[in-house]
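Here's the letter readout for the chains.
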Amino acid sequence: MVDNAVTFIHAADLHLDSLFKGLRHVPANIFKEIQESTFTALNHLIDAAIENQVDFILLAGDLYDHESQSLKAQIRLRRAFERLEEQNIAVFLSHGNHDFMKGDSFDVEYPDNVHIFPGETVTCIPFYKNGEKAAAIYGFSYENRAVYENKAVEYEPVEEDFPFHIAMLHGSVATNTEHDSYAPFQIKDLLKKQMDYWALGHIHKRQQLHTNPPIIYPGNTQGRHRKETGEKGCYLIKLDRHEINQIFLPLQAIRYEEVVLDIRSCLTPSQAEKRIMSQLPRYSVPSLLYLKIRAKENDGFKPDEALMGELIELINESLAEGFPWQYIYHCQLNLEEESTLTEDAFLKSILEEADESFIQEGLKEIYHHRTARKFLTALTDEQEQAIKEDAYQLLNVLLREERAE
Amino acid sequence: MKIKEITIYGFGRWIDQTFSFSNSNLITLLGENESGKTTLHQFILYMLFGMTKKKCDFYRPKTSSKLGGRMIIDHPSEGTILIERLDSSQVQYVDNEGAVRDEAWFRQLLGNMNAQTFQSIYSFSNQDLALLQDMKESDISELLLSVGLTGSAAIYKVEKKLQTELQKLFKPSGSKPIINEKLSEISEKAKQVGESKQLEKSYKEQVEKIHALEKKYVLKKEQIAQTNEQLEKEKIMEKILPIRKEMLRVAEELQGLTDVSHFSLDHQEQINMIHNEINNINRELDSNQSTLDIYIEKKRDIEDTSLRDKEKEQLRHLLNQKAEITLMQERQKTLEQDYRYKTREMTEMIQEKQIHITAEDLEQLELPFYLEKEWGALRKERENIKEETDRNIQEREQLLQNKSEVQEELKKFEKERLGEVHIEELRQRVDNYKQISHQDKGQQKYMTQMFTQMIQEKKKQERFTIIIGVIIALASAFFGFAGSRPWLFLFSLVSIAGVYYFRRKQLRDIENLKQQREGVQPSHPVDEMDVTESEYQEAKAILEEQQAIHRKLDTLKDTLKQIISKMEANEVVRFDLTEKQNKLEENIIHQQNQFPFLQSIDVLYWQDTYHLLQKLIQLTNEKRNYKKELDRINERIDQFSNQVKAWFEQRGLAKANLEEMLLTLEDIQQQEQQYQHEFQQLTQFIKDAENKQLALKQKRRQYTEERDKLLKAAGAKSEEIYFEKQARKERYNKLYERQEELREQLHIVLPNKWQQELTEELIEEGDYYKNKKELELALADYEEELDQVRSQLAEQKLRLDQLESEESISLQMHQLAMEKEELEDLVRNWAVQKTALQMLEYAKKQYKDKHLSLVIETAQIYFKEITANQYDTIYSPTDQHGFQVENKEKKQRFRVEELSQGTKDQLYISLRFAINEVMAKTSGLPFFMDDAFVHFDMKRTEKIQQVLQRLAKNQQVILFTCRKELAQAANGEIIHLST
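Residues numbered from 1 in each chain as written. Chains lettered and ligands numbered in written order. Predicted model: local features only at pLDDT ≥ 70, side-chain atom pairs only at ≥ 80, totals over all residues.

Student: Could you give an account of the overall build of chain B, naming the residues involved and the relevant values?
Tutor: Secondary structure assignment for chain B yields 25 helices and 14 strands. Within chain B, buried positions represent 20% of all 979 residues. (Helix = DSSP H or I, 4+ residues; strand = E, 2+ residues; numbered from the N terminus. Buried ≥ 20, exposed ≤ 12 C-beta atoms within 10 Å, placed from the backbone.)

Student: So, the overall build of chain A: which residues are in play, and what are the values?
Tutor: A tally of helices and strands in chain A yields 10 helices and 15 strands. A burial count over chain A gives 42% of its 405 residues as buried. For chain A, contacts bridging at least 24 residues in sequence account for 71% of all contacts bridging at least 6. (Contact = placed C-beta atoms within 7 Å.)

Student: Let's hear about the sheet that holds strand β3 (residues 26–30) of chain B: which residues, and what values?
Tutor: Residues and elements named next belong to chain B. Spatially, the 5 strands line up as an open sheet ordered β8-β12-β13-β3-β14, and their pairing is parallel. For this open sheet the edge positions go to β8 (123–125) and β14 (973–976), each flanked by a neighbour on one side alone. Strand-to-strand, the axes of this sheet are offset by a mean angle of 15 degrees, without reference to chain direction. Along the sheet, helix α1 (residues 37–49) contacts β3, β12 (927–930) and β13 (957–961); its crossing angle with β12, the most-contacted strand, is approximately 155 degrees. (Pairing = 2+ DSSP bridges. Axes fitted to C-alpha atoms, helices over the stretch in contact; angles between N-to-C directions.)

Student: Go over the interface of chain A and chain B with me, naming the residues and quoting the values.
Tutor: How big an interface is tends to be expressed through the accessible area that disappears when the partners come together. Contacts between chain A and chain B engage 47 residues on the former and 57 residues on the latter. Elements represented by at least two residues in the side of chain A that touches chain B include exactly α2 (71–86), α7 (345–352), α8 (357–367), α9 (372–375) and α10 (381–404) of chain A. Taken together, the residues of the side of chain A that touches chain B sort by class into 27 nonpolar, 11 polar and 9 charged. (Nonpolar A, V, L, I, M, F, W, Y, C, P; charged D, E, K, R; others polar.)

Student: Explain helix α18 (residues 658–714) of chain B to me, and be specific about the residues and the numbers.
Tutor: Residues and elements named next belong to chain B. For α18, spanning 57 residues, the distance from its first C-alpha to its last is 83 Å, which sits close to the expected 84 Å at 1.5 Å a residue. Those residues of α18 that sit buried are Leu662, Leu665 and Arg707. Contact partners of the buried residues in α18: α9 (268–305) and α10 (309–353). (Expected span 1.5 Å × (residues − 1).)

Student: Account for the packing of helix α8 (residues 178–256) of chain B against helix α19 (residues 719–749) of chain B, naming residues and giving values.
Tutor: Residues and elements named next belong to chain B. Running from N to C, α8 and α19 point in directions that differ by 155 degrees, and their axes come no closer than 9 Å. The angle between α8 and α19 falls in the class roughly antiparallel. In the crossing of α8 with α19, the sense of the turn from one axis to the other is left-handed. Residue-level inspection shows Ile236, Lys239, Ile240, Ile243, Glu246, Met247, Val250, Ala251, Glu253 and Leu254 of α8 in contact with α19, the latter providing Tyr732, Leu735, Tyr736, Arg738, Gln739, Leu742, Gln745, Leu746 and Val749. Of the residues that constitute the contact of α8 with α19, the class distribution is 13 nonpolar, 2 polar and 4 charged. (Parallel < 35°, antiparallel > 145°, perpendicular 65-115°, else oblique. Left-handed = near helix turned anticlockwise from the far one by under 90°.)

Student: Which residues make up helix α17 (residues 606–651) of chain B, and what values do they have?
Tutor: Along an α-helix, a turn takes 3.6 residues, which lines up residues three or four apart on a common side. All names here are of chain B. Along its 46 residues, α17 runs 68 Å from first to last C-alpha, staying within 8% of the 68 Å computed at 1.5 Å per residue. Among the residues making up α17, those that are buried are Trp606, Leu613, Leu616, Tyr626, Ile633 and Val644. In the stretch just after α17, glycine 652 is the one whose phi turns positive, near 75 degrees.

Student: Let's hear about unusual backbone geometry: which residues, and what values?
Tutor: All names here are of chain A. Along the chain, asparagine 212 connects to proline 213 via a cis peptide bond; the corresponding omega equals 0 degrees. Inspection of the secondary structure puts proline 213 in the loop between β9 (207–210) and β10 (215–217). Between phenylalanine 323 and the following residue, proline 324, the backbone shows a cis peptide bond with an omega angle of -10 degrees. Looking at the secondary structure, you find proline 324 in the loop between α5 (305–321) and β15 (326–336). Unlike most non-glycine residues, asparagine 130 shows phi in positive territory, near 50 degrees. Mapped onto the elements, asparagine 130 comes out in the loop between β5 (123–129) and β6 (132–139). Here asparagine 130 falls in the exposed class, since 6 other C-beta atoms lie within 10 Å of it.

Student: Outline the packing of α10 of chain B against α18 of chain B, supporting the account with residue identities and numerical values.
Tutor: Any two packed helices are characterised by the angle at which their axes cross and by the distance between the axes. All names here are of chain B. Viewed as axis vectors pointing N to C, α10 and α18 meet at an angle of 130 degrees, and their least axial separation amounts to 10 Å. With respect to their mutual orientation, α10 and α18 come out oblique. The handedness of the crossing between α10 and α18 comes out as left-handed. Across the interface between the two elements, Lys312, Leu315, Leu318, Leu319 and Lys322 of α10 pack against Leu662, Leu665, Glu666, Ile668, Gln669 and Glu672 of α18. A per-class count over the contact of α10 with α18 returns 6 nonpolar, 1 polar and 4 charged.

Student: Describe in detail the pairing of strand β7 (residues 165–170) of chain A, supporting the description with residues and values.
Tutor: All names here are of chain A. Burial analysis of β7 places 6 of its 6 residues in the buried class, the great majority of the element. Here β7 shows a buried face lined by His165, Ala167 and Leu169 and a second buried face lined by Ile166, Met168 and His170. By the bridge criterion, 5 bridges tie β7 to strand β8 (residues 197–201) in an arrangement that is parallel. Paired with histidine 170 across the strands is glycine 201, a residue of β8.

Next up, the structure:
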């Protein structure tokens, strides 16, 4: 037991080949890259493991989505595991709520270096390094779509003499309201368990809940919509008797970013274009940008959705040629207007006190349409509200335009 | 709120004009048509709400560049407010305290109303009324509603626009609109993705299939292995079947041979050997006997065929003479040849020398030895005479020539005669010449001595050679006779001939030498004179050169004298020669008479002819000798030939020439010798064969005794029995060995595991082959099945590989997701527009529900009042029909178009008053009417007047009209607009 340190990578929520949100009219080449991005991130993960000569990799659930039912995801995963097998790197894998065991319709066989936690009961899989006990790894897999019990209480270190005890858990802190509260736990529950490391999964935003022992959500490995911004990746952990080393390794192939810009002082479209171009942030990897633009009408420049759309199209053309490329996939225009001009007095007085159920009724025409409904998701309240606001604004604009004739 | 004062800087036709309004709430602006009423109305609106640049330009004064003005308003709560506008953009609001306020503040005061709304509620003109009249039944209610809501048709237009836009985007059962198109596109894609997904879903199934196939494959392999083993077994059984059969047969046979199992074969070789030996001896005896018989037969034959002894003796005698005869024959041939040769030689010689003499003449001819010298002297003499005669003639000619020359010269030199000194010198020269001629004589003497010596030598040699030759000839003749060797005679003859020839040659040589010696002596004495004379001439020439000529002259005279004397001498000599010639001729003729053949030969060749004749005579002698010898030999040969012929006759053989007969004789003798030899040989052979036969018989007896002893020891009564037993024993041994061998073979062929099982199994011949064939067939089937499984497996694996590497499904899925996003966008856009439209419709409905009834009620009051109770009810428009009014007395309902123009106007004005009343309750803004009562009669005008007065209680009413009576009836402030 001279060198009883272990080095490993902790990653979760790979969501391989899962679908991206909010992308439309993306050029074919960029689209291909985006589509491949989760796999690229996976490759980066494997590269990192090999490069750092880790002992094993922990994958804490949600490696792929049953929603997208992608064979490619599992095949690529198998190939990745095969690469690790060649390098003699073990994989400890637990299934999460997106890749729960019973939902698997492919049953792709993974190589022997992959150790899968077999069910919803917490089990221990020992890890031997050079024939000696190196670590005991605990975890469980989601058999079904959801686990609502507090699984944290089930974790108990084995009596045997392992230098390290590492727990894998796919779930969220009980107070967390943003996500579905799967396998909810309290931090204090975890701390009681005398584990050397808690490898969590499920939450896509990277966060460290505790330092010693480390309780870490590594976040997902590749952002897939506007809310999963910034660097995405995994943690490289080295545990030894005296200290814990942790390094975050970014893996993402493409970054999702949100950018707020101000072009209120621009007097012409070309000025606006220059301003936007100059204010865009630069990254070391390709990026998908969500723009929020503050604009103002003036004599020479009346920005509206259509005009901005054209402008962004132009900007995208030049960004696509850059290295690494960037692509503005959405632009939200916040136009500053004089309030008196915006509202039609009669409409306002009438609609202020109106019962708005008629709006939903009207939208049924499409949302209940036999073909359309198959491809549309029901509107949320917020979306409905947003539509209402937009409609109101549109109406005012139209009426104003008509009256100005 | 009241307008207190209007100041126009420039607006349309108005320039620098100010209107102040009194406190009265009803103000009438009276003016003719084209007096600027409407412009003023517009100016007030411009002051309140501003104007677009385009509209401003329309109202810009033609005469002044200044557009704008100001207006003072009295507001119930804010007090006096000043508005000043210059052009479209410059505006200033000044409040009660003189502070400049912003537009928002002012808008607030106007109830956040815009120009359009304001106009819809607070202002209308006769143009609006005309518009109403043009409206069709269905539109009136809509328009009224729109007017009621916003005061304009904007809502209506927006509604239309939204509807059109929505139609373009989506129709529930259309295909062209954008969303419909997108939907069908997505449906298609989704269908594809669905299919692909379905395929992908089969992955698990495929993997299971592979597992199943793999299992099947393994099972099949095992089955094949088992079958193979079975087949192997059957094959071995089939293979060892003959071995086993043979073993069985061998065992059976061995059973029958058990009696000889202990029979000893110890002396087998010996007995066999002896048996063979005896056989060999018998065979040899037989062959020996037959050889002996042949020899005896042959011997008898030879005795029969060979010659009798007497005949043999004769034969020997004849053959003994053969050598001699052969020699004779040879000699005969040689002599004949020589004879012929000599004859030819002679003939040739005679012909060559052309001598007229025959062989017969030659036989008779005798040439005495002196004849030769005589003929030689004749020739010599003739030559001498001729020579001397020639010389004489030549000399004479020379002398004649010299004489003439000297005479001529004499004549020449006569004139130049010289001294005598020169003559003396010439004399000296003559002396010198004489000394030289003396030396020549000494030389001659030496030559003669030498020749004499040589002759003596030759003679000595001649003598010696002759002696030796004679000795040899005599010796050979003697030996030839003594040893009866004929060729030695020949040799002695040759030696004699040789000696003769040598002597002749030697004599000729000596003769030659003698002639030469004699030839030396006469040494040309006449030539001396010529030489002396020429030298003398020469000397004289030199003298002539040196000395005086006259001396020469003397000489010439002498010379001439000498020449003359010489000529005389010459004449004498010629005479002598002629004499000699005659004598010689006589001599020659004498000789020719004696030897006629000389007649045709010149004397010159007589000596040669003598030699030739001598030779011819010698040849004739030789020829004669040959002839003699030839005759003697012929005689001898004939004698022998006769003896042979006699023998041939006696033997009865055919006679032939001598050579052939001799050959025949030799053959016969040879044959006889051969017979003799064979006979002796045969006698010897017969003797040998008889000895050998005896020896063999002895040997055979010994072997037989030995064999009998051995047979007894082996317990066999006879040789036959022994051999039979021996054969059986050998067979036994062989079979026994074979059995062991077969056992060994079985052991080798059979694998250990099956040894016991297969050896002990009963022999059932047909089954193995059948089983083997069946197993082979089964095996082929299994192999085929295995192949099938293998190919299925490969196929399946390939399918799986394809499925695994098929990444386009993922791409399709993502594309579909994106398409969906795009659809969402389109749908959202649609939803916004749809919602906007719905809001608008809802607003309209709300209006109907809340305001219209109120407006109608109020309008009804106005209408009733204005029409003087003629109509008392207004029915609001429904889906089926528009406005309707009801007659008060008759309770008749009328549609709008059924009303008179005046009544229509009354209805419209009533509605406008009602809208003003209902909508303006909170605002109290001024009310404008521009020539609204054109179609009203006086009675109706009065009624309106009352209404207006009542209206003016609550708000400022500004009336623009061209009708004075109306203005007066209004009972308010009247401002005249003068042109």
